[in-house]
Structures are given as C-alpha cells and as structure tokens.
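# Structural characterization, general
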Amino acid sequence: MMKNIILGLAMAATSLAVCNSNNRSIEYLKMNKDLQLKSTVNNTSLMTSSVADAKIAVSIKEILNAYLQMKNAFTEDNSTGAATAGKKLEAAFKKFDKSALTAAQKKTYEDVEADAVEHAEHIGANGGKIEHQREHFELLSKDMYDLVKAFGGGQVLYKDFDPMFNNGKGAFWLSETKEIKNPYMGKAMLTSGSIKEEIK
Amino acid sequence: MSLRKKILIAIGIVFIVFIVIQFIQPVRNKSDLLLASDISNTITISDNVQAIIINACYDCHSNNTIYPWYSNIQPMGWLMAKHIKNGKEALNFSEFGSYSSRRQLSKLNGIANSIRDDIMPLRSYKLMHKNSQFSASQMELLINWDQQSKDSLSAK
C-alpha cells in the first residue's frame, strides 16, 4: 500500500517536471517571438509599402481561413463547428494589424470590422441554434466579400448564390472551391446554388 | 450556540444586507432629448410603427427607459440596469443614425429576425410588460417596415 502511494507520488512529480520544462520552452519561444515583433515595430518607419502589403495579406488570410472554416461547418450542418470558427474569426479581426493600413484603407477596414465582428460574435455564442447563426452568416458573407474586394483574398475565391434563403430573396457566400456546397441549406440541398463571380 | 439562535442571526444578516444594498442605486437611463441620430430622424418610420417600437423595445434599446416601481428595489434595479446596458450595446434606437449604413442594415436584419424567431422581446420582459407582446398585425406592420427600410438602404 505504502509502496503504491510513494510510486504514485514519484510519477506525479516526474510528470509535473516534464510539464514545467515544456512550459519553459514555450515561454522561451514566446519571448523570442516578442523580441522579433518588437524589432519589426521599431522598423515601421522604414517599412516599405510591399512589407505593409505582406502584413495585410497575412491578416486577411487568417480572417479568410476562419470564415471558410465556418462556411464549411455550415455545409455540414455543424452548428458547434461554426461557433468555434466564429470565435476564431472574431479573434482574427481583432488581431488585425491596422498600423500597416493607409488612412483610406483603415476606414474601409473599420467599417467592415465593426459589423463583421458582431456577426462573428453572435455565431460564436449561438452554437446549437443553426438557423440563427445562418442569418448572421448571410450578412457576414457580405462583409467578407467587401473585405476581399478591397484588400484581395490572396487566393481564388468564388462568390456563390443560393436563390432560396431569406424567404426566397437569396443569399451569397464565398467559397474556395469551384464545386457548390451550400452553407445555407446544408445537407438538405448541398449542391443547390450557382457561381456568380470568380474573385482573383 | 443553539440552532435557533444561529437561524435568527442568519436572518438578521440577510435583512441587514438587504437594507444596505437599497442605498446602492444604479444610474437611471433617462433622457428627454431627441437626438439627431434618433431612428425617427434617420429613416422613414410611421407613427404606428414607432409606437410599437417605443412600447416594446425602448426600455432597453433607447436612451429613455420607463421604469416600473420594482426597479427601485435592489437587486431588481441592478438586474435591469444590466439588461439595459447590454440592450443598448446591441442596438440603440436613439443613436441609430450614428451607425454606418452597413451596420444599420445589419441591425434592421437583426430586428426582423429576432422578432420572427421570438428572441425579442425577452420572455421575462413580456412576462412583466403584458402589452409588449406583438399582435399578428403589429408583427406584420413591423416586419414590412423593416423590409422597406432595408430595401431603401441597400438601394443607396
């Protein structure tokens, strides 16, 4: 009995030590990253427009990835998956480095951001209520379209149209694939809809 | 200490706390100003529709709340203050004109959807404000107005 307890304690202690050293290495990596970030910030005055563009592209890509992840969750009627992506999208918008934007770009971005973040938040908070989430997704998709049109998507995107959603008024979404997978209808009518525009 | 005494002390403490919290009154959401950004100054809205909105929505979605008597009793007043704060953050009809047209469109969409899906007005609110329940004809009026406003906004 006593032996077992001692053995248990010893095991717990070693696993703790392992965790600790893992944490340390993570911290070390973070520190390094911070330093790198700091050095880039210090160099902002020297930043050429191409560097700024690259920075913007990275941020847009992160936003777009979260959106596409959400879109794909909706095509599978996966409400909790969409909620997870919603939280990711919200974070991506808030993380966006606006220092790389010109004044005009900043205005465009902030206009889209204020609206899109709210939709992302709602989708993130309403896992389980997929109809409600999809209503927000419709307006979010509009925001995303304007964002990609203004800053470029960094990849080929398709603007797809579903004629039935929204009481027959129809709704758009953005997709990374040519194949139609409808996020508004999900599995019920997965392939309904058509490509309206190819965004390069 | 006897059990009886313990219970008496506990009741006494609860009573004192109840009295003390009555002195902590939240700030009231009251304003007689009609702002230039008020929805009635921003988009076309008939008196009928406005009356419905004022009656059912304005307590939490405007700068002017009509407080019931029990709002003077804490913690009820605190609870209401929190609802009003959250409500105004999501949508404030008194400041509708300060939203970008993109957000106005989003808000109008949200209004129609939350009415249709019976998310708004909140169930607890409807319980305490019997006349905030929409009749079928009021609902239709409201949703038609909402749709018209959206159409004219997106045409801009």
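Structure report, in brief. Everything quoted here is computed from the prediction, not taken from an experiment.

## Some details on the overall build of chain A
- In terms of helices and strands, chain A carries six helices and three strands.
- What you see in chain A, going N to C, is helices and strands ordered as α-α-α-α-α-β-α-β-β.
- When the 200 residues of chain A are sorted by exposure, 32% land in the buried category.
- Sequence separation of 24 or more characterises 60% of the internal contacts of chain A that already satisfy a separation of 6 or more.

## Digging into the nonpolar core
- Core analysis: the largest hydrophobic core is formed by 35 residues, its most contacted members being I63, A66, Y67, M70, A82 and L89 of chain A.
- The set of elements that each furnish at least two residues to this core consists of α2 (49-75), α3 (79-95), α4 (103-125), α5 (130-151) and β2 (171-175) of chain A.
- The greatest single-element share of this core, amounting to ten residues, is contributed by α2 of chain A.
- By size, the runner-up hydrophobic cluster in this structure holds six residues, among which are I39, C57, L91 and F93 of chain B.

## Describing the interface of chain A and chain B
- Of the residues lining the interface, seven residues belong to chain A; the matching set on chain B comes to seven residues.
- At the level of elements, α4 and α5 of chain A are the ones that each hand at least two residues to the side of chain A that touches chain B.
- Broken down by element, the side of chain A that touches chain B gets its largest block of residues, four residues, from α4 of chain A.
- Classifying every residue of the side of chain A that touches chain B by side-chain character gives two nonpolar, one polar and four charged.

## Some details on helix α1 (residues 3-21) of chain B
- The terminal C-alpha atoms of α1 of chain B, which comprises 19 residues, lie 27 Å apart, in line with the 27 Å expected from a rise of 1.5 Å per residue.
- The buried fraction of α1 of chain B amounts to zero of the 19 residues, a small share that puts the element mostly on the outside.

## Let's talk about the sheet that holds strand β1 (residues 157-162) of chain A
Residues and elements named next belong to chain A.
- One open sheet holds the three strands; their spatial order is β2-β1-β3, and the pairing between them is antiparallel. Of all strands in the sheet, those bounded by a partner on one side alone are β2 and β3 (194-199). Averaged over neighbouring strand pairs, the angle between their axes works out to 25° when direction is ignored.
- Bridging between β1 and β2 involves five bridges; their strand directions are antiparallel. In the sheet register, D162 faces β2, and the bridge partner there is A171.
- The strands touched by α5 are β1, β2 and β3; relative to β2, the strand with the most contacts, the crossing angle is about 55°.

Cut-offs used in this document
- Residues numbered from 1 in each chain as written.
- Chains lettered and ligands numbered in written order.
- Predicted model: local features only at pLDDT ≥ 70, side-chain atom pairs only at ≥ 80, totals over all residues.
- Helix = DSSP H or I, 4+ residues; strand = E, 2+ residues; numbered from the N terminus.
- Buried ≥ 20, exposed ≤ 12 C-beta atoms within 10 Å, placed from the backbone.
- Contact = placed C-beta atoms within 7 Å.
- Core = buried A, V, L, I, M, F, W, Y, C linked by C-beta atoms within 7 Å.
- Nonpolar A, V, L, I, M, F, W, Y, C, P; charged D, E, K, R; others polar.
- Expected span 1.5 Å × (residues − 1).
- Pairing = 2+ DSSP bridges.
- Axes fitted to C-alpha atoms, helices over the stretch in contact; angles between N-to-C directions.

Remember that the coordinates give geometry; whether it matters functionally is a separate question.
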